[in-house]
Amino acid sequence: QVQLYEFGGGLVQAGDSLRLSCHAAGDTFRGYAVAWFRPAPGKGREFVVGYTRSAGIINYADAVKGRATISRDNDNYTAYLQMNSLKPEDTAVYYCAAGRYTTNPRHTDYEYWGQGTQVTVSS
């Protein structure tokens, strides 16, 4: 079992960058795939970027392609979401999620969730 804690949200200007952190505790972090989600109107939680453990690849949502990168530091039990060239439409609560048997970039494939961190982008 894993507990996830997000950090790094805040108020930024359009065009700025942010790096969100997801710290894991409770189990060996290396064995879990990690992804980032955000709510989308009428769509529930939208996959932003992350790993699917079964495929071993990073997937990007069209809205953030070229602007978002996921990375991880297993020694420090932390994953990161780097977002560049932020836009007002990126404003959302961002959630870190982890799972051991993830196959598809969707909410139901990830078992553990953080409580979210608010990102607000002003123009």
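Look above for the structure.
Engineer: Looking at this model, I keep getting lost on the packing of aromatic side chains. Mind explaining?
Structural biologist: Counted according to the given criterion, the structure contains four aromatic pairs. Geometrically, the ring pair formed by Phe37 and Tyr110 is edge-to-face, given 5.5 Å between the ring centres and 70 degrees between the ring planes. Here Phe37, found in strand S4 (residues 33–40), pairs with Tyr110, found in the loop between strand S9 (92–99) and strand S10 (112–113); they are 73 residues apart in sequence, far enough to count as distant. Classification of Phe37 by relative accessible area gives buried; the value is 0%. Ring plane angle 50 degrees and centroid distance 4.9 Å describe the contact between Phe37 and Trp113, whose orientation is recorded as tilted. Taken together, the residues Phe37 in strand S4 and Trp113 in strand S10 connect sequence positions 76 residues apart. Lying across the ring of Tyr80, Arg19 places its NZ or CZ 4.4 Å from the centre. The ring of Tyr51 is capped by Arg72, whose NZ or CZ atom sits 5.8 Å from the centre of that ring.

Engineer: Any chance you could explain the pattern of salt bridges here in plain terms?
Structural biologist: Oppositely charged side chains are able to pair whenever their charged atoms sit close together. Summed over the entire model, instances satisfying the criterion amount to four salt bridges. A salt bridge links Glu46 to Arg38; its shortest N-O distance comes to 3.2 Å. Assessed through its relative accessible area of 6%, Arg38 is described here as buried. Arg38 is the partner of Asp90 in a salt bridge, and the nearest nitrogen-oxygen pair spans 3.1 Å. Within this pair, whereas Asp90 is found in the loop between strand S8 (78–83) and S9, its partner Arg38 is found in strand S4, the two being separated by 52 residues in sequence. Here the salt bridges do not stand alone but share partners, grouping Arg38, Glu46, Arg67 and Asp90 into one network.

Engineer: Sorry, what's going on with the side chain of Glu6 here?
Structural biologist: With respect to the helices and strands, Glu6 occurs in strand S1 (residues 3–7). The buried charged residue Glu6 lacks any salt bridge, with Arg45 as its nearest oppositely charged partner at 7.5 Å. A polar contact of 2.8 Å, which involves the side chain of Glu6, links it to the backbone nitrogen of Cys96. Within the local environment of Glu6, its side chain forms a polar contact with the backbone nitrogen of Gly116, the two atoms lying 2.9 Å apart. Setting aside chain neighbours within four positions, we find Glu6 in contact with Ser21, Cys22, Trp36, Tyr94, Tyr95, Cys96, Gly114, Gln115, Gly116 and Thr117.

Engineer: Is there a simple way to think about the nonpolar core in this case?
Structural biologist: Membership of the largest hydrophobic core comes to 30 residues, with the highest contact counts inside it found for Leu4, Val34, Trp36, Leu81, Met83 and Tyr94. Listing elements by their share of this core, those giving two or more residues are strand S3 (18–25), S4, strand S5 (44–52), strand S7 (68–73), S8, S9 and strand S11 (117–122). What Val34 contacts, discounting residues up to four positions off in sequence, is Phe29, Gly50, Tyr51, Ile70, Arg72, Ala79, Cys96, Ala97, Ala98 and Tyr110. Counting residues in hydrophobic clusters, the runner-up holds five residues, among them Ala35, Phe47, Ala97 and Tyr110.

The rules behind these values
- Each chain carries its own residue numbering, running from 1 in the written order of its sequence.
- Only residues with pLDDT of 70 or above have their local features reported here, since the model is predicted, and side-chain atom pairs are shown and tallied only from 80 upward, although totals for entire chains, interfaces and linings are computed over all residues.
- Water and hydrogen atoms play no part in the side-chain values, which are based on all heavy atoms of the structure.
- Whether two aromatic rings pair depends on their centres lying within 6.5 Å, for rings of Phe, Tyr and Trp, where Trp uses its six-membered ring; planes under 30 degrees apart make the pair stacked, over 60 edge-to-face, and the rest tilted.
- Strands are runs of DSSP state E lasting at least two residues, helices are runs of H or I lasting at least four, and both sets are numbered from the N terminus onward.
- Working definition: with a 1.4 Å probe on protein chains only, accessible area under 20% of the residue-type maximum means buried, over 50% means exposed, and in between means partly exposed.
- Charge-over-ring contacts are defined here by two conditions on Lys NZ or Arg CZ: a distance within 6 Å of the ring centre and an angle within 35 degrees of the ring normal.
- We count a salt bridge whenever a side-chain nitrogen from Lys or Arg sits within 4 Å of a carboxyl oxygen from Asp or Glu.
- Only four residue types enter the tally: Lys and Arg on the positive side, Asp and Glu on the negative side; His and the chain ends are excluded.
- Pairs of N or O atoms within 3.5 Å make up the polar contacts considered here, provided that, within protein, one atom can donate a hydrogen while the other can accept it, and that residues adjacent in sequence are counted only when both atoms are side-chain atoms.
- It only takes one pair of heavy atoms within 4.5 Å for two residues to be counted as in contact.
- In this description, a nonpolar core means a group of buried Ala, Val, Leu, Ile, Met, Phe, Trp, Tyr and Cys residues linked to one another through side-chain atoms lying within 4.5 Å.

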